[in-house]
Amino acid sequence: MNPYLTELHQGLDALAHWLGSAEGEFAQLIDRFTADFSMTVPSGAQLDRNGLAAFLQAQQASRPGLNISVDRVSVLHQWDQGAVVHYRELQHWDGNSGNVRWATALFSLENEKVRWRHVQETLEA
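For the structure given in this document, a descriptive report is provided here. Small disclaimer: the values here were computed from a predicted structure and weren't measured.

1. Quick notes on the overall build of the protein chain
Alright, step 1. Of regular secondary structure, the protein chain possesses three helices and six strands.
Alright, step 2. For the protein chain, the succession of helices and strands along the chain, N to C, is α-α-β-β-α-β-β-β-β.
Alright, step 3. Expected size for 125 residues packed as a compact globule is a radius of gyration near 14 Å; at 14 Å, the protein chain falls within 12% of this value.
Alright, step 4. Once the C-alpha set of the protein chain is aligned to its principal axes, its extents read approximately 40 × 35 × 30 Å.
Alright, step 5. Among the 125 residues that make up the protein chain, the fraction classed as buried is 38%.
Alright, step 6. Just so you have it, the protein chain exposes about 6700 Å², and 49% of that area is on carbon and sulfur atoms.
Alright, step 7. Across the protein chain, the centroid of the 9 positively charged side chains sits 3 Å from that of the 15 negatively charged ones.

The structure is reproduced here in structure tokens:
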């Protein structure tokens, strides 16, 4: 499988486990993101890697039973050191009907490890 698509699925699984049940090691989770990571969340707020780290620490196990799945995955562009991937993300957790968002992720290959460099999310209308 494409290493960027593998990281898309494994990274979202790691996030779901952390936010849904506090499973996993925080250091391993945050290591999936580049030092210069940036993100635009559906509200339009901007997060850097430190902001993401603070969010993840504050939200640990805050969504019991969280499941994140993706569909309509498309590699928009790929080169030797990265890729841009577009996908639809579906989130559901206990007692919540969930939400659906469209996302575009920029991945970087650093020292033979795929890392998240940027994410842009928009809630589905």
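On we go.
2. Examining unusual backbone geometry
Alright, step 1. In the Ramachandran plot, Arg72 falls in the positive-phi region, its phi being about 50° despite a non-glycine side chain.
Alright, step 2. The exposure class assigned to Arg72 is exposed, which follows from its relative accessible area of 53%.

3. Topic: the packing of aromatic side chains
Alright, step 1. Counted under the stated rule, the structure contains five aromatic pairs.
Alright, step 2. Seen from their ring centres, Phe33 and Phe37 are 4.9 Å apart, and the 70° between their planes marks the pair as edge-to-face. Side by side, Phe33 and Phe37 carry an identical accessibility label, which is buried.
Alright, step 3. Each residue in the set Tyr4, Phe33, Phe37, Phe107 and Trp116 is aromatic and connected to the rest through ring pairs, giving one cluster.
Alright, step 4. Over the ring of Trp93 we find Arg63, and its NZ or CZ is 5.3 Å from the ring centre.

4. Some words on the pattern of salt bridges
Alright, step 1. In the structure shown here, the tally under the stated rule is seven salt bridges.
Alright, step 2. The shortest N-O distance in the salt bridge between Asp31 and Arg115 comes to 3.2 Å. With Asp31 in the loop between helix 2 (26-30) and strand 1 (33-40) and Arg115 in strand 6 (residues 113-123), the pair connects residues that are 84 residues apart, well separated along the chain.
Alright, step 3. Residue Arg115 is classed as buried on the basis of its relative accessible area, which comes to 12%.
Alright, step 4. Note that Arg101 is salt-bridged to Glu121, the shortest N-O span being 2.8 Å. Of the two residues, Arg101 sits in strand 5 (residues 96-110) while Glu121 sits in strand 6, which places them 20 residues apart along the sequence.
Alright, step 5. Judged by its relative accessible area of 11%, Arg101 is buried.
Alright, step 6. Residues joined in a network through salt bridges with shared partners are Asp31, Glu110 and Arg115.

Each value, and the rule that gives it
Residues numbered from 1 in each chain as written. Predicted model: local features only at pLDDT ≥ 70, side-chain atom pairs only at ≥ 80, totals over all residues. Heavy atoms only, no water. Helix = DSSP H or I, 4+ residues; strand = E, 2+ residues; numbered from the N terminus. Rg over C-alpha atoms; globule rule 2.2 N^0.38 Å. Buried < 20%, exposed > 50% of the residue type's maximum accessible area, 1.4 Å probe, protein only. Areas by Shrake-Rupley, 256 points an atom, 1.4 Å probe, with all protein chains shown as cover. Lys, Arg positive; Asp, Glu negative; His and termini not counted. Charge placed at Lys NZ, Arg CZ, Asp CG, Glu CD. Phe/Tyr/Trp six-rings, centres within 6.5 Å; stacked < 30°, edge-to-face > 60°. Lys NZ or Arg CZ within 6 Å of the ring centre and 35° of its normal. Salt bridge = Lys/Arg side-chain N within 4 Å of Asp/Glu carboxyl O.

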